[in-house]
Every structure is written in C-alpha cells, then in structure tokens.
Amino acid sequence: MEQIPLSSRQKKLLRILQSQNRLMTGQALAVHLDVTPRTIRTDITVVNRLLAGSGVRVLAFHSKGYQLDSDDPQALSRLLLTGPDLQSREDRVRYLILQLALAQQPVRLADLEDYLYISKTTLEHDLQEMQAQYTIKPPHLHFFRNSAEIWAEPDEHKRRVALSRLFVENWEAHAHTGVNRWDKTLEPERFELIRQHVTDMLLQHNLLMDDYGVMDVVFAISVAYMRLLSGHPLEEIDAAPGVDPSLRDMMDALMDELEPKLSVLFNYTERENITFILQMRQTFDWKFRTRRDLLRHMRPTRSIIVTKFLEELRELYHLDLTEDDTLFVGLVRHVASLIARVRFRYERKNFILRAVKNDHPMAMEYALLFHKHFLETFEYSLGEDELSFIAAYLQLSIDRLVREQIPEGVPVAFVSHINVTCSRLMMSQISGVFGDTIHLSGPFSSYETDKIQASGASLILSTVQLPAAAFPGCTILSAALPMDRRQLTRIN
C-alpha cells in the first residue's frame, strides 16, 4: 500500500483513537497531544483528506467527539506501518544512535517521543540503554541534553565508530546487500559498488578475512562516503599504530578506483583510518606465523604478557599449554590487534558468546586470568565479548592436547561468516563428534568459491546461503551456530 504522508502528531492521534475504540472529545485529544482543540480539528480535516479512498476515516459527532471508523480492521495498521520496526528497546536504541550520530543540530525529545510513539519515561530508559552501550563502552560517545533537546558530542571519529558498529552488528548476512534495514541511510547501489571493490581487492591480494571483518571495512568506507557528502570530513586523529605499507598501497589503489565512481575525495586521514581498520580485521593470514617471527619483529610486551599468562595458568590450574606454538602465536597476534581496538574504541562483538560461556566455562575462567595480566600491563579493561575470543583460543589448544591426530576421511568444507577463531571452535566441535570419519577443511569465507571447490568437498556446511549451482554434485547443509544435536544428526 502506498505510504501516506501523515505527520508524527497525526499518526499519534490515529493511534489514540484506535486504542480507545470509543468517542473522544476534542479537548481530551488536545490534552493527550499537548495542543489546542483547534489544532485537533485542523489535524482531523487533513487526516480525512489524506485518507480519502483508503477505507479509514475519523467521524465527527457534534458536541460529542470523534471516533475512528474503518472498512478493514487491518487497514489502519498497514497505513501506520512506515519506517523501521521500533517495537523493542533494542530497535529503538539503534534508531536513537543512528539519528543522534547523523544529526547536525540538537534533536527535540518531544519529536523522538512522537516518532517512536512512547512515553517520556520509556524514552528515558531507552536513552539510558543507549548510553550504556555507546558511552560507558567504546566508542565512548557522549551525549548532552537540556530539558527539551539532546545531541551527541561533535567528535567525528567517535560518531563514525558508532555508525560502523551499528551497521556491522545489524548486517544481514542472508540479505542480498545486507543493508535492507538501512536503505534510507546508505545508498544500496553505492554500498554494493564498495563491497564489490573491497572483495575484489581481497581476492587479488590474497588477503583472508572473515565476512564480518570484510563488512567492517565495507561499512567504514560507506560511512566515510556518507559523511563526506554531508560535509563532515574526518579530522586528524590520535596517532594510530603504524600500518603495514603494503596494506596502505592496496588501500590507496582501492580509493583511487572508488573516488571517480563515488564523486568524492578521500584524503590522507580518511585513507589511513580505513587502512588501520583493514589491518585490525586481517585475521586469517598474518605476516608473522611462527614464535620466532613474533619474538623477532613484535614488541616484547605482547609476547611477555602471553608468556606470563601461560606460566600462571600452568601453576594455578596445572594446565600446561606453554609448548603450543599455535596458541602462543595466535594469542600474541590477538593481543596486538586487541590493544589497537580498545585504544581506538573498536570493540568486537562475539556472536557465539553465549555458546562459549555455556559450553566452555573453564576456558572463560582461564580467560579471566588473561584479563588480569592484560589490565595490569596495558590498563585497559575487557568485556565479555573480548574475553570469549581468548577463551576460544584456549579451548582450541586444550582440544589439541586431548585429541589424537585425525586421519583424512570424507572431505567436508566449512563456510562461515563469523570470526575465524569462533569458526575453528565450531569446526573443533564437529571434528570431536565425527573424528576420523571426516576430513574438515576451512573455514572459508562465502566469497572464496574457487577455494571451496578446490577443497574437493562432497559436503559443505555453511552458515550463509550458498548458490547450489556453483557446487554441482555437492551436498550443502545450513549450519546455525552453535551446532546443536539436531544439526549434528543431520550431518551424520
């Protein structure tokens, strides 16, 4: 049904009449909406003109009041169903942060109440939740207000981090572009152009990232493009850790390609910031792969904290993981990335946090010991999401200790859009069930079609929908994480 341009006050008036389902006087409506009875009469005249032919009308009874009348009980609900679904607090908080991060002027609290159709008390609770998510935690974006208005601090870097986090966490992996909910904010055609150029760059240079890492880079560029168009360039920010010169060259080439197509210029600060995000998210294929490489090239504090942690883990829990080079390298590289993230307000969400906590409680307890050393050394506190990544590393190492080498079996490929460490933890779960009956390869990102085909898999387990035509003769099963008994039975 075509949208009808009702104002927020007019929609609120209709909702009041719908909820009461009885005659209401103009004076009563005026009190509800904090306007005069004359304004109510004017609004009803406009509403009836706009709703002509829709089957919905407001009837006026002289000296008695107004009542809603409809030929179709669902017609009004369809008419009022405009914009995003803002029924839950989670959805309203997303809307609030989006509006405040984009707003150039203070936003009236009354307008927010009208648009969200909530009470002043509910709005206060929503704003408190927004602050808990974005002020107390990274990116530490502060909000200021008076009795009538609210606005976000004019820190462009913090605003962009908040927007990127909002988009990435609500990216729909199963949607064509993943931005269906935000079509009014990001231009889908431009977004798809950016996404295609980023994935082409990753494939060309063999940079391996999980899909959420890819989308982090894509959204960072998309938000930069959007903010530059609205006249909000990124000013010089605190010096970031040096980026890899080869990554800078790749990003410069990408930006040079995108600038004429987007009709916007990305200056040095913009490019450096996006390159830094690319470097943080490049988790699959790092330059330093061995313990010797790390000790030779990385700052000693990164390896010292891991060494101290593993030694205390052995002393307190009698769990000796000190000789696991894979764990050591993974933790040191993760610490390097973690320091950069917490310093520059990029907090990473772990989408299987609950599974890690429920299925591997001891690994989470060991991660708390790691947190003690991290806090003492770098003076940054970590949340549950970040600790669960450490727990995943530890659980993988524990699994390697207790599991014999698995001989090759039925070739199975694992395709996942989540963090590589969490993906490997899920692969470990599958291997623990099926043992030497399968040979599990991956994890692969959804865009690595050639590598998935080259694995020779006869069965593909994927957390995202894959085109069956690209894998003839191969069975594809959907895999929701974490794997439950029902899914393991299907695989069997």
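Our subject is the structure that appears above.
This one's a predicted model, so the numbers in the text were calculated from it and none came from an experiment.

Reading the values: rules and limits
- Residues numbered from 1 in each chain as written.
- Predicted model: local features only at pLDDT ≥ 70, side-chain atom pairs only at ≥ 80, totals over all residues.
- Heavy atoms only, no water.
- Pairing = 2+ DSSP bridges.
- Helix = DSSP H or I, 4+ residues; strand = E, 2+ residues; numbered from the N terminus.
- Contact = heavy atoms within 4.5 Å.
- Axes fitted to C-alpha atoms, helices over the stretch in contact; angles between N-to-C directions.
- 1 Å grid on protein atoms, 1.4 Å probe; cavity = no way out; pocket = protein on both sides within 12 Å on 5 of 7 lines; lining within 4 Å.
- Points joined across faces, edges and corners; volume = space filled by probe spheres on them.
- Nonpolar A, V, L, I, M, F, W, Y, C, P; charged D, E, K, R; others polar.
- Salt bridge = Lys/Arg side-chain N within 4 Å of Asp/Glu carboxyl O.
- Buried < 20%, exposed > 50% of the residue type's maximum accessible area, 1.4 Å probe, protein only.
- Expected span 1.5 Å × (residues − 1).
- Polar contact = N/O pair within 3.5 Å; in protein donor to acceptor, adjacent residues only side chain to side chain.
- Phe/Tyr/Trp six-rings, centres within 6.5 Å; stacked < 30°, edge-to-face > 60°.
- Lys NZ or Arg CZ within 6 Å of the ring centre and 35° of its normal.

*Asks:* Just checking my understanding: could you explain the sheet that holds strand 3 (residues 107-108) for this structure?
*Replies:* By definition, the strands of a sheet pair up through backbone hydrogen bonds, in either a parallel or an antiparallel sense. The antiparallel open sheet is built from three strands, whose spatial order is 3-5-4. The sheet is open, and its two borders are formed by strand 3 and strand 4 (143-145), each paired with just one other strand. Sheet topology places strand 4 next to strand 5 (residues 149-152); three bridges connect them, and they run antiparallel. Bridge pairing in strand 5 places F144 opposite W151. Most of the contacts of helix 5 (residues 89-102) go to strand 5, to which it runs at about 75°, and overall it touches strand 3, strand 4 and strand 5. Against the sheet, helix 7 (residues 120-134) makes contact with strand 4 and strand 5, and its axis sits at roughly 150° relative to strand 4, the strand it touches most.

*Asks:* Sorry, what's going on with the sheet that holds strand 7 (residues 438-444) here?
*Replies:* Taking strand neighbours across the sheet as the criterion, the four strands line up as 7-6-8-9 in an open arrangement whose pairing is parallel. Two strands in the sheet have a free side with no partner beyond their single neighbour: strand 7 and strand 9 (475-478). Taking the axes of each pair of neighbouring strands and ignoring which way they run, one obtains an average angle of 20° across the sheet. Running over the sheet, helix 19 (residues 420-434) touches strand 6 (410-415), strand 7 and strand 8 (459-462) and is turned about 170° from strand 7.

*Asks:* What am I meant to see in empty space enclosed by the protein here?
*Replies:* Over the atoms rolls a probe the size of a water molecule, and in doing so it shows where empty space is left. Counted according to the given criterion, the structure contains three cavities of 30 Å³ or more. Only helix 8 (156-169) and helix 10 (211-229) provide two or more residues apiece to the lining of the largest cavity. Of the residues in the lining of the largest cavity, the class split is nine nonpolar, four polar and nine charged.

*Asks:* Got a minute to help me understand the side chain of E272 in this structure?
*Replies:* Along the chain, E272 falls in helix 12 (residues 268-281). The residues contacting E272, other than those within four sequence positions of it, are V243 and R248.

*Asks:* Hey, could you run me through the environment of Y225 in this one?
*Replies:* Turning to its location among the elements, Y225 is positioned in helix 10. Once residues lying within four places of it in the same chain are set aside, the contact partners of Y225 are E187, R190, L262, V264 and F266.

*Asks:* Explanation requested: the pattern of salt bridges in the structure shown.
*Replies:* Opposite charge on two side chains permits them to pair, given that their charged atoms come into close proximity. Applying the stated rule across the entire model yields 19 salt bridges. For K158, the salt bridge goes to E153, with nearest N and O atoms at 3.2 Å. Note on K158: relative accessible area 10%, which makes it buried. By relative accessible area, E153 is classed as buried at 13%. Close ionic contact of R160 with E270 constitutes a salt bridge, the shortest N to O distance being 2.5 Å. Of this pair, R160 sits in helix 8 while E270 is found in helix 12, placing the two residues 110 residues apart along the sequence.

*Asks:* Honestly, helix 10 in this entry has me stumped. Any pointers?
*Replies:* Three or four residues apart is the spacing at which side chains of an α-helix point the same way, because the helix has 3.6 residues per turn. With 19 residues, helix 10 should cover 27 Å at 1.5 Å per step; its first-to-last C-alpha distance of 27 Å lies within 8% of that length. Across the 19 residues of helix 10, 18 count as buried, placing the element largely inside the fold. If you check the start of helix 10, you find a side-chain oxygen 2.7 Å away from the backbone N of G213, and it comes from D210. A positive backbone phi angle near 80° is found at G231, which sits one or two residues after helix 10.

*Asks:* Would you explain the packing of aromatic side chains in this entry?
*Replies:* In this description, an aromatic ring pair is defined by two values, namely the gap between the centres and the angle between the planes. Within the structure shown, the criterion is met by six aromatic pairs. Here F309 and F370 contribute two aromatic rings whose centre-to-centre distance is 5.6 Å and whose plane-to-plane angle is 85°, an arrangement assigned as edge-to-face. With a gap of 61 residues between them, F309 in helix 14 (residues 300-317) and F370 in helix 17 (residues 361-378) connect regions that are remote in the sequence. The exposure class assigned to F309 is buried, which follows from its relative accessible area of 0%. The class of F370 is buried, set by a relative accessible area of 0%. Three or more aromatic residues joined by ring pairs make a cluster, and in this case those are F309, F370, F374 and F378. Sitting over the ring of Y134, R165 keeps its end group 4.3 Å from the ring centre.

None of the figures reported here should be taken as evidence of function without further support.
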